[in-house]
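Summary of the model geometry
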Amino acid sequence: MSNIPAELRYASTHEWARLEEDGTVTVGITDHAQDALGDVVFVELPELEIDVQAGTEAGVVESVKAASDIYSPVSGTVIAVNDALEESPETVNEDPYGSGWFFRLRPSDKAELDELLDAEGYAEVAENDAH
Amino acid sequence: MTERTPLHAEHVADGAKMVDFHGWDMPLHYGSQVEEHHAVRRGAGMFDVSHMTVVDVTGEGATAWLRWLLANDVAKLKAPGRALYTAMLDAEGGILDDLIVYRRDGGWRLVVNSATRQDDLAWLETQRRKGVTVKERPELAMIAVQGPAALERSAAWLGSAAEAVAELKPFGFVEDGDRFIARTGYTGEDGFEAILPGDCAAAAWRALRDADIAAAGLGARDTLRLEAGLNLYGQDMDRSVTPLESNLAWSVAFKPPERDFIGRAALERQREEGVPRVLVGLKLQARGVLRRGQRVLYDGQPVGELTSGAFSPTLGVGIGLARIDAGIDASELEVDIRGKSLPVARLKPPFVKRGEAA
């Protein structure tokens, strides 16, 4: 059973979103996603200062198995990206909810967070995905 | 119903991620494909390759038949205990399979791909001549032990055969009781492949694991063989191409000229006319991963496509094999990755030799 922290919000496309104290939103991929992908060998991050829409492509993660698009769970402006993944993409496997984060947004509409899945809802998605 | 090798329970107990591989339930990895890859390059790893098809060929007509059946010439094997790599062709020179043929005392052994098993067996039966017996050996298991420390760490398991195995040259083999041990492999590293009775396989697997030999899955096997520049049947070659279009001209024995073999006339014709396409190695000159199916561009025009691609754990870059138009002699090409044209260097495989950039 994969790790699904209760305090995060989730997209059915296997990204997580965390509302930080300063009002920004950090985005990464779930433990279930990294496990399904296998060893991550390459991450393509969005450019700084671009605007992304909820549910649209904001990057690519490539594992030994395949390339997968990363969709932004909420709309907003990219204010930080995790450059360390360029050198150490395996961090995504080792610490998907911590140092394996992908990018940070200034959300344009915080209410979009409420439309995402909670841990229980995502657990169901992950469970169905495993079959 | 998927088939299981005699080591299936070992894989499951080791926590392997199992996948359907051409009808066989096989380990993809045991946690980390990349770590398994490094284990083979830096120390020793082992693969369950019991799904491969072992076929014994005997009878007074066996040698002459194999000289007709295979593109390489088994007459090069002057004595028992030697093996060679060869393609098996159809009349048009198309590759039906690639295999290793071993010369034994009083007969021959072929190890062919599992994905082509049925077609191969049907082909052997169609081509078979009087005085030749073809016998599949499904009761045998096969374990490949590979890596710079493979022989040293296997010494206890090899026991009395250890010295003889250590003295073997590449493509040499010994038979030690019911164990058949060949200095062959699919990783570009030193090591051996052991063919043994299925009911002895689990004990062998455990003994080797206890000797600090890491279990490695099909995922690592694929990146290791690609770094070593070794073709994968069904991907880098199939019936639609000849060995000359697959970087395998070295494995076709045109000499002696009086030896006819299936596909010979077609290959001679192609050799004279020139091959339309060639198989080349590509190394990505930017960050990213090469994948099978990506288009190769020259001067903005498509000139071929990747037949295999991966991220090379040893080199830390994307590598691949591509079949491209023969007329293109540029050393710098481009590959279309999700709409972006990225530069690749063309090179002659292997990419990695003895653990380092070739």
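Residues numbered from 1 in each chain as written. Chains lettered and ligands numbered in written order. Predicted model: local features only at pLDDT ≥ 70, side-chain atom pairs only at ≥ 80, totals over all residues. Heavy atoms only, no water.

1. Here we look at the overall build of chain B
Put simply, the rule reads: Counting from the N terminus, the helices are DSSP H or I runs at least four residues long and the strands are E runs at least two residues long. It is over C-alpha atoms that the radius of gyration is taken, and the globule rule equals 2.2 Å times the number of residues to the power 0.38. When accessible area is computed with a 1.4 Å probe and restricted to protein chains, residues below 20% of their type maximum are described as buried, those above 50% as exposed, and intermediate ones as partly exposed. A contact between two residues is defined here by any heavy atoms of the two lying within 4.5 Å. Accessible surface area values rest on a Shrake-Rupley calculation with a 1.4 Å probe, where residue burial reflects the displayed protein chains alone. This count recognises Lys and Arg as positive and Asp and Glu as negative, with His and chain-terminal groups excluded. Here the site of a charge means atom NZ of a Lys, CZ of an Arg, CG of an Asp or CD of a Glu.
What chain B contains, in helices and strands, is nine helices and 21 strands. In summary, chain B has a C-alpha radius of gyration of 20 Å against a globular reference of 21 Å for 358 residues, a match within 12%. Overall size of chain B, expressed as C-alpha extent along the three principal axes, is 60 × 50 × 40 Å. Here chain B holds 358 residues, and 57% of them are scored as buried. Taking all contacts inside chain B whose residues are at least 6 apart in sequence as the whole, residues at least 24 apart take part in 66%. Counting only carbon and sulfur atoms, one obtains 49% of the accessible surface of chain B, whose full area is about 15,300 Å². Positive and negative side-chain charges of chain B, numbering 44 and 51 respectively, have mean locations separated by a distance of 2 Å.

2. As for the sheet that holds strand 13 (residues 214-215) of chain B
Residue and element names in this part refer to chain B. Spelled out, the test is: When DSSP finds two or more bridges between two strands, those strands count as paired.
The six strands are arranged 10-11-12-9-3-13 in an open sheet whose pairing can be described as mixed. The two strands at the open ends of the sheet, each matched to only one other strand, are strand 10 (173-176) and strand 13. Bridge analysis of strand 9 (residues 140-146) against strand 12 (residues 191-197) gives seven bridges, and the strand direction is antiparallel. Following the sheet pairing, Gln 146 is matched in strand 12 by Gly 191.

3. What about a negative patch on the surface?
Our working definition: Patch membership is restricted to residues that have no salt bridge and whose relative accessible area is over 30%. Joining uses 9 Å for like charges and 5 Å for the nonpolar side chains Val, Leu, Ile, Met, Phe, Trp and Tyr. Counted as salt bridges are all cases of a side-chain nitrogen of Lys or Arg within 4 Å of a carboxyl oxygen of Asp or Glu.
On the surface, a cluster of negative charge is made up of Glu 90, Glu 94 and Asp 95 of chain A together with Glu 35 of chain B. Turning to its location among the elements, Glu 94 of chain A is positioned in helix 3 (residues 91-94).

4. Describing the packing of aromatic side chains
Cut-off, in case you're wondering: When two rings of Phe, Tyr or Trp (its six-membered ring) have centres within 6.5 Å they constitute a pair, described as stacked for plane angles under 30 degrees, edge-to-face for angles over 60, and tilted for the intermediate range.
Tallied over the full model, the rule gives seven aromatic pairs over all chains. Note on Trp 16 of chain A and Tyr 97 of chain A: the rings are 6.0 Å apart at their centroids and 50° apart in plane angle, and the pair reads as tilted. With Trp 16 of chain A in strand 2 (residues 15-19) and Tyr 97 of chain A in the loop between helix 3 and strand 9 (103-107), this pair connects stretches of sequence that are 81 residues apart. Of the two residues examined, Trp 16 of chain A and Tyr 97 of chain A, each falls in the buried class. Between Tyr 102 of chain B and Phe 173 of chain B, the aromatic rings sit 5.4 Å apart at their centres with planes inclined by 90°, giving edge-to-face as the arrangement. Of this pair, Tyr 102 of chain B sits in strand 6 (residues 95-104) while Phe 173 of chain B sits in strand 10; the two residues are 71 residues apart in sequence, bridging distant segments of the chain. You'll find Tyr 102 of chain B and Phe 173 of chain B in the same group, each marked buried.

5. With respect to the interface of chain A and chain B
Our working definition: The term buried area denotes the loss of accessible surface (1.4 Å probe radius) that occurs when two parts are joined, taken as the sum for both partners. Polar contacts, as used here, are pairs of N or O atoms within 3.5 Å; protein pairs need one atom able to donate a hydrogen and one able to accept it. Residues neighboring in sequence count only if both atoms are side-chain atoms.
Facing the 13 residues of chain A at the interface are 12 residues of chain B. Summed over both partners, the interface of chain A with chain B buries about 1,200 Å², with 46% contributed by carbon and sulfur atoms. On inspection of chain A and its partner chain B, the count reaches five salt bridges. Close ionic contact of Glu 44 of chain A with Lys 340 of chain B constitutes a salt bridge, the shortest N to O distance being 3.3 Å. The interface formed by chain A and chain B holds 10 residue pairs in polar contact (both at pLDDT 80 or more) in total. Mapped by element, the contributors of at least two residues to the side of chain A that touches chain B are strand 4 (40-44) and strand 6 (57-63) of chain A. Ranked by residue count, the leading element in the side of chain A that touches chain B is strand 4 of chain A, at four residues.

6. Let's talk about the domain arrangement of chain B
The line we're drawing: What counts as a domain boundary in this text is fixed by an automatic or database domain assignment.
In terms of domains, chain B is made up of domain 1 (8-49 + 138-227), domain 2 (54-136) and domain 3 (276-357). In this structure, domain 2 of chain B and domain 3 of chain B have C-alpha centres spaced 33 Å apart.

7. Brief notes about the pairing of strand 7 (residues 67-71) of chain A
Residue and element names in this part refer to chain A. In this sheet, strand 7 lies alongside strand 6 in antiparallel orientation, the contact comprising five bridges. Bridge pairing in strand 7 places Glu 62 opposite Ala 67. Hairpin remark: strand 6 followed by strand 7, antiparallel, with three residues in the connecting loop.

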